[in-house]
Amino acid sequence: MSGPLRVCLVGMSWPGYSSLALGYVRAYAQTDSRLAGRVGFTTLDLSSDDDPWWVAYRVLALEPDVVGFSVTCWNARAVYETCEIIRRARPAVRIVLGGVEVGPIASRVLESHSCVDVVVRDEGEETFADLLDAYVRSRPIHRIRGVTSRRDGVVVSADDRPPIADLDRVPSPYLTGLLTPVDGATYVESYRGCPHRCSYCFEGKGSSRVRSFSMERIAAEVRHIATTPGVTQFSFIDPVFNLTATRLEEMAAIMEPYASEGVRLHTIEVDIERVDSSQAQLLARAGVVSVETGPQTVGEAALAACRRQFDPERFSAGVERCREHGIRVECDLIAGLPGDTFEDFLSGIRFVLARDPGKIQISTLHVLPGTGLWDHAESYGLSFSESPPHEIVSTAQMDFQQLRRAEILGTAVTRHYRARVGRGRG
Amino acid sequence: MIPFRAIGLGSPSAACGACFPGAGKESPARKLEEILGDVGHQLSRTRAGQRNLLLMGAEPFSHPGLPEIVRAARTGGADRLGLRTDARALVRPENASGSVSSGVSLFELTLAGATSGTHDRLTGVTGGFEASLNGMRTLAATVASAGAVVALRGLIRVCEHNVFELPEVCGIFASVGCSSVRCEVQRSARSKASLPWFQAAATTGMVNGTWVVLAGVGQELLGDLAAHALDPIEVQE
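Calculation criteria
- Residues numbered from 1 in each chain as written.
- Chains lettered and ligands numbered in written order.
- Predicted model: local features only at pLDDT ≥ 70, side-chain atom pairs only at ≥ 80, totals over all residues.
- Heavy atoms only, no water.
- Helix = DSSP H or I, 4+ residues; strand = E, 2+ residues; numbered from the N terminus.
- Rg over C-alpha atoms; globule rule 2.2 N^0.38 Å.
- Buried < 20%, exposed > 50% of the residue type's maximum accessible area, 1.4 Å probe, protein only.
- Contact = heavy atoms within 4.5 Å.
- Areas by Shrake-Rupley, 256 points an atom, 1.4 Å probe, with all protein chains shown as cover.
- Pairing = 2+ DSSP bridges.
- Right-handed = clockwise from strand over helix to strand, strands pointing away.
- Phe/Tyr/Trp six-rings, centres within 6.5 Å; stacked < 30°, edge-to-face > 60°.
- Lys NZ or Arg CZ within 6 Å of the ring centre and 35° of its normal.
- Axes fitted to C-alpha atoms, helices over the stretch in contact; angles between N-to-C directions.
- Buried area = accessible area lost by both parts, 1.4 Å probe.
- Salt bridge = Lys/Arg side-chain N within 4 Å of Asp/Glu carboxyl O.
- Polar contact = N/O pair within 3.5 Å; in protein donor to acceptor, adjacent residues only side chain to side chain.
- Nonpolar A, V, L, I, M, F, W, Y, C, P; charged D, E, K, R; others polar.
- pLDDT = per-residue confidence, 0-100.

Each helix and strand counted, chain B has eight helices and eight strands in total. In terms of overall size, chain B behaves like a compact globule, its C-alpha atoms giving a radius of gyration of 17 Å where 237 residues would be expected to give roughly 18 Å. Dimensions of chain B, computed from C-alpha atoms along their principal axes, come out at roughly 50 × 40 × 35 Å. Across the 237 residues of chain B, 57% fall into the buried class. Within chain B, residue pairs in contact and separated by at least 24 positions form 75% of the contacts whose partners lie at least 6 positions apart. Total accessible area on chain B is roughly 9100 Å²; 52% of this is exposed by carbon and sulfur atoms.

So, about the side chain of Ser99 of chain B. Residues and elements named next belong to chain B. Looking at the element boundaries, Ser99 is found in helix α3 (residues 93-102). By relative accessible area, Ser99 is classed as buried at 7%. Excluding its chain neighbours within four sequence positions, the residues that come into contact with Ser99 are Phe61, Leu83, Leu90, Val104 and Phe107.

Residues and elements named next belong to chain B. For strand β5 (residues 151-158), the tally of buried residues reaches eight of eight residues, placing the bulk of the element in the interior. Relative to β5, strand β4 (residues 106-110) is paired through five bridges, and the arrangement is parallel. Considered in β5, the bridge of Leu106 is made with Ala151. Relative to strand β6 (residues 180-185), β5 runs parallel, the two being bridged by six bridges. Residue Leu155 lies in a different strand from β6, and its bridge partner there is Arg182. Taken together, β5, helix α6 (residues 166-175) and β6 constitute a β-α-β crossover, and its handedness is right-handed.

Residue and element names in this part refer to chain A. Inspection of the entire model under this criterion finds 11 aromatic pairs over all chains. By way of ring pairs, the aromatic residues Trp14, Tyr17 and Tyr187 are connected into one cluster. The positively charged end of Arg355 is found above the aromatic ring belonging to Phe351, 4.3 Å away from the centroid. Across from the ring centre of Tyr417, 4.9 Å away, lies the NZ or CZ of Arg420, which sits over that ring.

Adjacent strands of a sheet pair through backbone hydrogen bonds, lying either parallel or antiparallel. Residues and elements named next belong to chain A. With parallel pairing, three strands are arranged side by side in an open sheet as β8-β11-β12. Lying at the two open borders of the sheet, with one neighbouring strand each, are β8 (187-188) and β12 (264-265). Helix-sheet contacts for helix α6 (residues 215-226) involve β8 and β11 (233-236), and the interaxial angle to β11 is about 155 degrees.

Turning next to unusual backbone geometry. Between Gly294 of chain A and the following residue, Pro295 of chain A, the backbone shows a cis peptide bond with an omega angle of 15 degrees. In this structure, Pro295 of chain A sits in strand β14 (residues 290-296). A positive phi angle, near 55 degrees, is found at Arg307 of chain A, a position not held by glycine. If you trace the backbone, Arg307 of chain A turns up in the loop between α9 (300-305) and α10 (312-324). Unusually for a residue other than glycine, Ala87 of chain B sits at a positive phi of about 75 degrees.

The subject of this paragraph is the interface of chain B and chain A. Counting residues at the interface gives 36 residues for chain B and 25 residues for chain A. Both sides of the chain B and chain A interface together cover about 2500 Å² of buried area, and 64% of this is carbon and sulfur. At the junction of chain B with chain A, the criterion picks out zero salt bridges. Summed over the shared surface of chain B and chain A, the result is six residue pairs in polar contact (both at pLDDT 80 or more). Breaking the side of chain B that touches chain A down by element, the ones donating at least two residues are β3 (80-85), α5 (128-146) and β5 of chain B. Of the residues forming the side of chain B that touches chain A, the biggest block, three residues, is contributed by β5 of chain B. Split by residue class, the side of chain B that touches chain A holds 19 nonpolar, 11 polar and six charged.

Let's shift gears to the pattern of salt bridges. Counted according to the given criterion, the structure contains 33 salt bridges over all chains. Of the charged contacts in the structure, one is a salt bridge between Arg211 of chain A and Glu123 of chain A, with a shortest N-O distance of 2.8 Å. On the criterion of sequence distance, the pair formed by Arg211 of chain A in strand β10 (residues 211-212) and Glu123 of chain A in the loop between β5 (118-120) and α5 (125-136) is long-range, its members being 88 residues apart. No difference in accessibility class separates Arg211 of chain A from Glu123 of chain A, as the two residues are buried. When the shortest N-O distance is used, the salt bridge between Arg182 of chain B and Glu184 of chain B registers 2.9 Å. Connected via shared salt-bridge partners are Asp32, Arg34, Glu126, Asp130, Asp133, Arg137, Arg161 and Arg169 of chain A.

The subject of this paragraph is the confidence of the model for chain B. When pLDDT is averaged across chain B, the result is 91; 94% of the residues are at 70 or more. The ipTM, which scores confidence in the relative placement of chains, is 0.95 for this predicted complex, and the corresponding pTM is 0.92.

Below you can see the structure in the form of structure tokens.
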């Protein structure tokens, strides 16, 4: 090969946001000594609303050898369309996908999208670096752990790659300067995995084992972000910010110096039923202004199907404790969970309205690859769109029309609820 | 679902003069002191988070005390404040922007038909339909340009004289950004003959992302449409 391998990483999320996942992948690969001087990177952070033809145009203008996309259910359609165009315009370009939308169904993705060469399953940092190393050395890729690819036209999956045990081995995209903190649009990950196994969710990415970055690393990232001029708010993407009381104390201690200077954390996901006065105080100390939580549903059958616990009294108490400390709560409900009737859905709306949490978000179920609901959809009577974002069409309890009514009614309730005196701009 | 307490300002809003005695006829506005007393009373008897008021009964923009009433509600701690209006006055941008900036969080917009022929005849206001439409469009543009978190909602009193225009009315409300439309069905329209119009109105709302409420119709008549009896807002008069 003449010259370094040109790699273009493409994030397609929301305007103004940068892909943290691609930041990790690039930061890791850039520090891999095998690739030093042999691979050059460019990252394009675009929007899923961008026209795939122009995304392809921008990508191909960089004349890449490898193009990598981070794929979620929200951008998958646009990514696939972009890949089709790139493949036809420049057949020699290697197209690699990773992310929660494609990892759990890697073989299926390759079988149904001939334009895609490789799917990186699970955590991408080590696998993508190994893949690039193989490309640089012109070696076969089909035995690289965590890779699903084609061999002689047949889709083959190499062994799984175990999760990275020591997360600090993954360089910080912020501390390495790959990502620039942006006010209100910056996200930090303090751990991976999730102790809960809610069957509609893939936040834990199939792992209930929690692996944390070191507190020193988290503190360094927080310091860097919180002291960036113009940044007054950022967030954590941790599935449960109040994972344990001890950890919450540590996080509050890290955040407190910046919170006292006015830096705020927004939309932190918490287990609201654990929030007592002491936890609410810690959240406030950490500068948390808004938290996001369930209950997702209050129907007993759906709670059981989703492997979720729900104690209305503890939930209400948690909301109240947050309110006492000036923390706005966003309550989430999902329409179309298995077991939920239309009446259950209404009960959920009435429950959250009665709590007056500050914000209510009602969405319809998306049956995501890798989740329990995806694996057992048929036994739950779930019918959903095969195409991403895999929206629910009907359930055993709610037909198509009922679900659409639930969706529109839910939207009306949330819009009427959020319109308040003095709320001003949206 | 979300409770609002009604604060009466005086005369009724647009509706069919034949079916609703007094509709379209101006009656003296209530005294400002009485209204302010009502505002204070309703706010004091409601817990925080549920202090939602809807100014209704007369065209609020024709009440000289409107700015003071809005100010009293806001300073008194109202969580949500709504105006029920035929929107004619909102064609003046200063009314639309002034209302939004002063804290009004809900506009309940009234129509009596989907055409000037029906609307103007039922309300007795010549040119009223066009004026209302223009006011609604001005409001929608004001809300959009201000990026304000304001809810819009439609209201139509449905009788035998306008039921056939119900789907189109829902379409009009949806086009200006109403999240919900309340169709208050009067006795003369509560019959099987009206069902196709109810069905079409509900469907028009659904495909435009607007929830249509069919109020005043028995569940047995609504049948498959029973869910449309649900109203995101409950006005307690």
